[in-house]
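# Summary of structural features
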Amino acid sequence: MVEQYEKMAYLYNMSLEQYYEKLLGITKQEFYEKCLNEGEKQIKKYLIIGAVAKKEDIVITNDEWESEKIDKKIEIQDNNAVIYAKYQLLEKKVLNYLYNTK
């Protein structure tokens, strides 16, 4: 989470400290608590998406992945981008499944 905020601070040409103090209006301790809370929520979401996908046998097919790579112009060399894009695609499928299940 901190890394994401560091990137945002960089875009604003600020240090991380300047970013959370001036733009977010919070102290260092409040900032790190915010990051911890956001991280916990994100991990819970990942675990839930993964559990539903496993239980309901929701997977990404090769055709879906190839289409996603073309749509998002994902570079194969960037492993983090590939992992994140695959997770986003799986999340989308799981949420569609949950939305359409009665």
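First, a word on scope: everything that follows refers to the structure included in this document. (Residues numbered from 1 in each chain as written. Predicted model: local features only at pLDDT ≥ 70, side-chain atom pairs only at ≥ 80, totals over all residues. Heavy atoms only, no water.)

Within the protein, the regular secondary structure consists of five helices and zero strands. Traced from its N-terminal end to its C-terminal end, the protein shows the element sequence α-α-α-α-α. Compactness check: the protein gives a C-alpha radius of gyration of 18 Å against a globular reference of 13 Å for 102 residues, more than 25% above the reference. For the C-alpha atoms alone, the extent of the protein along its principal axes is close to 45 × 35 × 20 Å. When each of the 102 residues of the protein is scored for burial, the buried share is 24%. Considering only residue pairs separated by 6 or more positions, the protein has 51% of its internal contacts joining residues 24 or more positions apart. When the accessible surface of the protein is summed, it comes to about 8,100 Å², and 54% of that surface belongs to carbon and sulfur atoms. Measuring between centres, the 16 positive side-chain charges of the protein sit 4 Å from its 18 negative side-chain charges. (Helix = DSSP H or I, 4+ residues; strand = E, 2+ residues; numbered from the N terminus. Rg over C-alpha atoms; globule rule 2.2 N^0.38 Å. Buried < 20%, exposed > 50% of the residue type's maximum accessible area, 1.4 Å probe, protein only. Contact = heavy atoms within 4.5 Å. Areas by Shrake-Rupley, 256 points an atom, 1.4 Å probe, with all protein chains shown as cover. Lys, Arg positive; Asp, Glu negative; His and termini not counted. Charge placed at Lys NZ, Arg CZ, Asp CG, Glu CD.)

Spatial relationships are all this shows, so hold off on functional conclusions.
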